[in-house]
Amino acid sequence: MDKRQKHQAKQTDESFMLKDRLNEELFAKLKEKKREWERQEQRRKEEEEARKCEERRKREEQKTFAELLNESDLDWRNFK
């Protein structure tokens, strides 16, 4: 075999999937860890969104009448 053929044979051997090299039990454990990590990430995102929503609600609750009036798009001239 020349150098090129050896390189191609090596690439073919390396093309096997990681799961083909690991035993089934270890692979199952890794998949479970991945699912657990994804659940934790989803929970963290939900908690962050809930925290932001609560902060918005509290900020809105603490606005003064002048701030609310300035944010309003109502025009008193329309109600004359």
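Residues numbered from 1 in each chain as written. Predicted model: local features only at pLDDT ≥ 70, side-chain atom pairs only at ≥ 80, totals over all residues. Heavy atoms only, no water.

Per an unreviewed UniProt entry, the chain goes by the name YqkE family protein and belongs to Parageobacillus thermoglucosidasius.

Draft legend 1. Main features of the confidence of the model for the chain. Residues at a pLDDT of 70 or more form 71% of the chain, whose mean pLDDT is 81. Mean pLDDT across the secondary structure elements of the chain bottoms out at helix H1 (residues 3–14), with 60, and peaks at helix H3 (residues 24–61), with 93. (pLDDT = per-residue confidence, 0-100. Helix = DSSP H or I, 4+ residues; strand = E, 2+ residues; numbered from the N terminus.)

Draft legend 2. Molecular detail of the pattern of salt bridges. Taken as a whole and judged by the stated rule, the model has eleven salt bridges. Linking Arg39 and Glu32 is a salt bridge whose minimum nitrogen-to-oxygen distance equals 3.3 Å. Note on Arg39: relative accessible area 44%, which makes it partly exposed. Note that Glu60 and Lys63 form a salt bridge whose closest N and O atoms lie 3.3 Å from each other. The exposure class of Lys63 is partly exposed, given its relative accessible area of 24%. (Salt bridge = Lys/Arg side-chain N within 4 Å of Asp/Glu carboxyl O. Buried < 20%, exposed > 50% of the residue type's maximum accessible area, 1.4 Å probe, protein only.)

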